[in-house]
Amino acid sequence: MKKFHFVMAVLIVASMVLTACGGGAGGGGLKVGMVTDLGGIDDKSFNATAYAGVQQAIDELGVDGKYLESTQQADYEKNIQQFVDEETDLIVTVGFLLGDATKAAAEANPESKFAIVDFAYDPTIPNVLGLVFSIDQATFLAGYAAAGSTKTGKVATWGGINIPPVADFMIGFEAGVNYYNEQNGTSVEVLGWDTAANEGAFIGNFESLDDGRSITESLVQEGADIVMPVAGPAGLGGAAYCAESGSCMVIGVDTDWTISASEYTDVILTSVLKNMNVAVFEAIKSVQDGTFAGGLYIGTLANDGVGLAAVKGASDELNAGLDAVKQGIIDGTIAVR
Amino acid sequence: MSNTTAPEKKEKKRSAIWSELLVPVLAVVSGLILGAIVIVVSGENPFRAYGALFTGSFGSPVRLIDGLQIYSATGETRQLLRAFYPLTESLVTATPYIFAGLSVALGFRCGLFNIGAEGQFFIGALSAAFVGYSIQGLPMIIHLPLAILGGALGGALWGMIPGYLKARFGAHEVVNTIMMNWIAFRLSDWLLDGPMKGPGFRPVTPTIFETAELPRFFPDPLRFNLGFFLALLAAYLVYWFLFKTTLGFEIRSVGANPDAAKYAGMNIVRNFVLVMVLAGGLAGLAGSAQVLGVDYWVGQGFSAGYGFDAIAIALLGKSHPLGVVLAALLFGFLRSGATNMQSMASIPIDIISIIQGMVIVFIAAPEIIRWFYRIRAVKKDETVLTRGWGS
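Computed from a predicted structure; not experimentally measured.

Looking at the nonpolar core
- With 219 residues, the main nonpolar core has Val117(A), Leu131(A), Phe173(A), Ile251(A), Val272(A), Ile284(A) and Leu292(B) as its most contacted residues.
- Ranked by residues supplied to this core, first place goes to helix α11 (residues 268-295) of chain B with 13 residues.
- Two domains share this core, each providing at least three of its residues, namely domain 1 (31-133 + 277-299) and domain 2 (135-273) of chain A.
- In this view, Val117(A) contacts Ala50(A), Val92(A), Thr93(A), Val94(A), Gly95(A), Phe96(A), Leu131(A), Phe133(A), Met276(A) and Val280(A); residues no more than four positions away in its chain are not counted.

A word on the state of the cysteines
All names here are of chain A.
- A full pass over the atoms with the stated rule returns one disulfide over all chains.
- One disulfide in the model links Cys242 with Cys248; its S-S distance is 2.1 Å. Measuring the twist about the S-S bond at about -110 degrees, one finds the Cys242-Cys248 disulfide to be left-handed. In terms of burial, Cys242 and Cys248 fall into one category: buried.

So, the sheet that holds strand β12 (residues 268-274) of chain A
All names here are of chain A.
- Here six strands make up an open sheet; going across it, the order is β7-β6-β10-β11-β12-β14 and the pairing mixed. Edge positions in the sheet fall to β7 (189-191) and β14 (306-308), since each has one partner strand and no second. Neighbour-to-neighbour, the strand axes of the sheet open up by a mean angle of 20 degrees, direction not taken into account.
- Along the sheet face, helix α7 (residues 209-221) touches β6 (154-159), β7 and β10 (226-230) and points at about 155 degrees away from the line of β6.

So, empty space enclosed by the protein
- The tally for this structure, following the rule as stated, stands at three cavities of 30 Å³ or more.
- The calculated volume of the largest cavity comes to roughly 230 Å³.
- Every residue lining the largest cavity is counted, 22 residues in all, and those nearest its centre are Gln72(A), Asp75(A), Lys78(A), Thr93(B) and Arg335(B).
- Counting only elements with at least two residues in the lining of the largest cavity, the list comes to α3 (74-85) of chain A together with α4 (78-109), α11 and α13 (321-345) of chain B.
- Residues that form the lining of the largest cavity fall into these classes: eight nonpolar, eight polar and six charged.
- By volume, the second largest cavity amounts to about 80 Å³.
- Taken together, Asp43(A), Lys44(A), Ser45(A), Gly232(A), Pro233(A), Leu236(A), Val253(A), Asp254(A), Thr255(A), Trp257(A), Ser260(A) and Ala261(A) form the lining of the second largest cavity.
- When residues of the lining of the second largest cavity are traced back to their parent elements, those giving at least two are β11 (249-254) and α9 (257-260) of chain A.
- Broken down by class, the residue content of the lining of the second largest cavity amounts to five nonpolar, four polar and three charged.

Let's talk about the sheet that holds strand β1 (residues 31-35) of chain A
Residue and element names in this part refer to chain A.
- Read from one edge of the open sheet, six strands run β2-β1-β3-β4-β5-β13, paired in parallel fashion. This sheet does not close on itself; its edge strands, each paired only once, are β2 (64-68) and β13 (295-299). Here the strands of the sheet are splayed against their neighbours by 20 degrees on average, with no regard to which way each runs.
- For β1 and strand β3 (residues 90-94), the ladder comprises four bridges, and the chain directions are parallel. When the bridges of β3 are listed, Met34 appears paired with Val92.

Rules behind the numbers
- Residues numbered from 1 in each chain as written.
- Chains lettered and ligands numbered in written order.
- Predicted model: local features only at pLDDT ≥ 70, side-chain atom pairs only at ≥ 80, totals over all residues.
- Heavy atoms only, no water.
- Core = buried A, V, L, I, M, F, W, Y, C linked by side-chain atoms within 4.5 Å.
- Buried < 20%, exposed > 50% of the residue type's maximum accessible area, 1.4 Å probe, protein only.
- Helix = DSSP H or I, 4+ residues; strand = E, 2+ residues; numbered from the N terminus.
- Domains from an automatic or database assignment.
- Contact = heavy atoms within 4.5 Å.
- Disulfide = S-S within 2.5 Å.
- Pairing = 2+ DSSP bridges.
- Axes fitted to C-alpha atoms, helices over the stretch in contact; angles between N-to-C directions.
- 1 Å grid on protein atoms, 1.4 Å probe; cavity = no way out; pocket = protein on both sides within 12 Å on 5 of 7 lines; lining within 4 Å.
- Points joined across faces, edges and corners; volume = space filled by probe spheres on them.
- Nonpolar A, V, L, I, M, F, W, Y, C, P; charged D, E, K, R; others polar.

Next up, the structure:
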């Protein structure tokens, strides 16, 4: 028996030594480091989409990209510092909660370059590029599509917390529904958001799938058959309810949910795309081209920074309408807000 | 007669301490080895990973030498500070672990399982932040202690409620502390988006005033602050309280055998409440130290589960304050070094959770370690960790 343990130990050590020969760092290209928010790299949403941009840069531009996950707010500073220490060429931070830490690091290290997803500094910082999105352009389309697809004449939206980045989704959505009503003489109603009053249905967090589920259930009971949850992972609770009850469809946000939450594909009407990957890729490309400048990148329908995924079961008429609306927003003949 | 027994006694005591330490140390070693196997299976190199973990938690010797040379040559401290950064960062990470570990350990000593340290930590942090940002114009000598105390009181209140429910109605503290955690989480959601929301749209508190900050010993980016020494002081005070005072003796007696303690005329009810208040206060201090020393503001992602890891730390530290400090340091070094490991060797930080989990399994089931390493069990009076339902 004693011998057995000895043999085990030898085997373990041997396996460690043998594998030690592998490995080795990547090429010597441009170094890009991304610091995630608390959701982690595989949140199928925010951080995952932003990292897709880094991944694209690794594949197409040959940069040396990696990421650090934050598990608590004290990690923001620490993770950024790690990349500063490694003399990373571009540090990408994801989410407005990293706003303070990114600013502090940018000011302490003026020679480093930063890009932050979803945050704009006023005034801007010379070595930080804020990546923001006119998401209301995309949700305007989503509202139009929802109004054109509803059978009950009621559509709904709800949010995590009533803050401008969330409310922007809902404002565009309501405006899109109203525009559809004007154009088609319908009277589709929006539940869960009222732009005039600046209030609506919110669950108070972005994590609880249970909360997302129950708020979706109550909106559906009020008559809505299409729901757009604006609450990151909590929104999947709404998708789960629709999948089980079969009484509603959801509109995904941030990413294409038929890919990121494919188990709910049957009940996903469409997805509002916030193409953070495009924005991040552009930022990396600008560093490689030597054209990087601090300030703002604004993602719009025109530069493909935002968009709407294909609408399930849409008639040719609705699709034609959506194309016309999109063109109208791009050339400015349709005002989103 | 007594002359001959004295050295023997000493010898016996020494071997008892050794055997006490043996299982935790072997558990950690086994956890690291199993972690290495997981790393190998996932296709990475464990030597590179653990090397990065080491330099991430203690610092790179090369950098240290470089830093010293630059400093002695030019007087430039920047490189030297960077070399010390990993080590100080590990101590910063260990600080809330020490406080929260003491909280759970104190509960264990009285036979109470305080799963509520996470909620107490959160409430403590919010209270400390509130005192820190809402009062302006006080000198530091008053404001800082007040803010620290605020955190302790918030946590103590959160611990007192389940303590009272247990003492008065016999409601099991495990259930109630878990409930209190959820109340704390949802309450903080509401507070951060309502009464305690700072300027701007983000659901976070305002930043505390400088007079409430725990002093840092080095310039940025080093975050090492007074909190670490306060944690060590707290550990000493808990030790003194448990082992050198009558009340501490009572608490340990209640933990060992509540019926006997009651028969001996000890007030069980009072002791349950007292311990939960103190445990809550310690977890609250963890929140104070974190918000006043490191973060300066509270958002929804304030904690990385310090209160839950604290249970593991108390178990690993055998509910002894010294053991808790050592276990907390271990967790602090592992957690802090993980950042570097993730960056340099692309190992997900989750591997640290796996190692920690394995260590806990080995601590909870020491027979595995004893069997694997052929250690004979030492017969001695075991520490009571927790008692069953309704006792």
